[in-house]
Amino acid sequence: MIVSAWSIGSCCRQISIVLRSGIFAVGIGFGPALGAGSGSLHVLDAWVPAADAQGLDVPLLMTVENDANEPDVLLRVNCPFANFAEKHTVDRGEGTPAMRAIRSIPVPANKAVVLKPDGYHVMLLQTRQALNDGETLVCTIVFEKAGTLETEVHVTRSPR
Ligand SMILES: [Cu+2]
């Protein structure tokens, strides 16, 4: 199951490469169904760690690829399997690195932002169900310019 989940991820990547090279007919047909996004902003490889219980806080990790010449901003996330979602950054000062909630996650122009536990990420709070390894869920992500994108989220015990 994990293998097929990650092969979907690399499939998305191929599609966005196709989009960039200008063969639009192929990309438009597959993009929305795979959660690859519309236009020049794509969400790739979204995943959450598996969890046996509900009521937990889990990170939602993904790559946001912005092919536009303008910066964008990740404003909100809604996942039906969690009560709340926060955007986090990690502060590194004198002591131990600490997470902090922020209003939005910047997505620079012509860049791919990799959300990760020790940098910008989304934290899902109070999960409403167990998250089973191999399962595929769906979340909605709202960007300031690109608008609302639906993306598949893979549950995995062993990320790459
Ligand atoms: Cu966090």
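This report concerns the structure included in the present document.

### Description of the side chain of H121
Here's step 1: Within the element layout of this structure, H121 appears in strand β8 (residues 121-127).
Here's step 2: Polar side-chain contacts of H121 include one of 2.8 Å to the backbone oxygen of G119.
Here's step 3: Apart from residues no more than four positions distant in its own chain, H121 is found in contact with L60, L61, E86, K87, H88, V90, M99, I105, L115 and K116.

### Topic: the coordination of the copper ion
Here's step 1: The copper ion binds to the protein through H88 (ND1), M99 (SD) and H121 (NE2); the donor distances cover 2.0 to 2.1 Å.
Here's step 2: Mapping the donors of the copper ion onto the primary sequence gives the spacing H-x10-M-x21-H. Residue M99 is located in strand β5 (residues 98-102), and its partner H121 is located in strand β8; the two are separated by 22 residues in the primary sequence.
Here's step 3: Take M99: its relative accessible area is 45%, and that puts it in the partly exposed class.
Here's step 4: Since its relative accessible area comes to 1%, H121 is described here as buried.

### Side note on unusual backbone geometry
Here's step 1: Within the chain, D45 stands out as a residue other than glycine whose phi angle is a positive 55°.
Here's step 2: Tracing the sequence through the fold places D45 in strand β1 (residues 41-49).
Here's step 3: The backbone of Q126 sits at a positive phi, close to 55°, despite the residue not being glycine.

### Quick notes on the state of the cysteines
Here's step 1: Taken as a whole, this structure holds one disulfide when the rule is applied.
Here's step 2: Note that C79 is cross-linked by a disulfide to C139, the S-S spacing being 2.1 Å. Since a negative S-S torsion denotes a left-handed disulfide, the C79-C139 link at about 115° is right-handed. Taken together, the residues C79 in the loop between β3 (72-78) and β4 (82-91) and C139 in strand β9 (residues 136-143) connect sequence positions 60 residues apart.
Here's step 3: Taking relative accessible area as the criterion, C79 reaches 2% and is therefore assigned buried.

### A look at the side chain of K87
Here's step 1: Structurally, K87 can be placed in strand β4.
Here's step 2: One buried charged residue, K87, remains without a salt bridge, the closest side chain of opposite sign being E86 at 8.7 Å.
Here's step 3: Of the polar contacts made by the side chain of K87, one reaches the backbone oxygen of L75; its length is 2.8 Å.

### Description of the pattern of salt bridges
Here's step 1: According to the stated counting rule, one finds two salt bridges in the structure shown.
Here's step 2: Between D52 and R157 there is a salt bridge, with its nearest N and O atoms 3.2 Å apart. On the criterion of sequence distance, the pair formed by D52 in the loop between β1 and β2 (58-66) and R157 in the segment after β10 (147-156) is long-range, its members being 105 residues apart. Accessibility classification places D52 together with R157 in one group, the exposed group.
Here's step 3: A salt bridge links R100 to D91; the nearest nitrogen and oxygen atoms lie 2.6 Å apart.
Here's step 4: Using a relative accessible area of 41% as the deciding quantity, one classes R100 as partly exposed.

### So, the pairing of β4
Here's step 1: Bridging between β4 and β8 involves six bridges; their strand directions are antiparallel. Each bridged residue has a counterpart across the sheet, and for H88 the counterpart in β8 is H121.
Here's step 2: As judged from the five bridges shared by β4 and β5, these two strands associate in the antiparallel manner. Note on β5: the bridge partner recorded for K87 is I102.
Here's step 3: Where β4 folds back on β5, the antiparallel hairpin that results is connected by six residues.

What counts, and where the lines are drawn
- Residues numbered from 1 in each chain as written.
- Predicted model: local features only at pLDDT ≥ 70, side-chain atom pairs only at ≥ 80, totals over all residues.
- Heavy atoms only, no water.
- Helix = DSSP H or I, 4+ residues; strand = E, 2+ residues; numbered from the N terminus.
- Polar contact = N/O pair within 3.5 Å; in protein donor to acceptor, adjacent residues only side chain to side chain.
- Contact = heavy atoms within 4.5 Å.
- Donors = N, O, S within 2.8 Å, 3.2 Å for Na, K, Ca; no water.
- Buried < 20%, exposed > 50% of the residue type's maximum accessible area, 1.4 Å probe, protein only.
- Disulfide = S-S within 2.5 Å.
- Lys, Arg positive; Asp, Glu negative; His and termini not counted.
- Salt bridge = Lys/Arg side-chain N within 4 Å of Asp/Glu carboxyl O.
- Pairing = 2+ DSSP bridges.

These results come straight from atomic positions and should not be treated as a statement about function.
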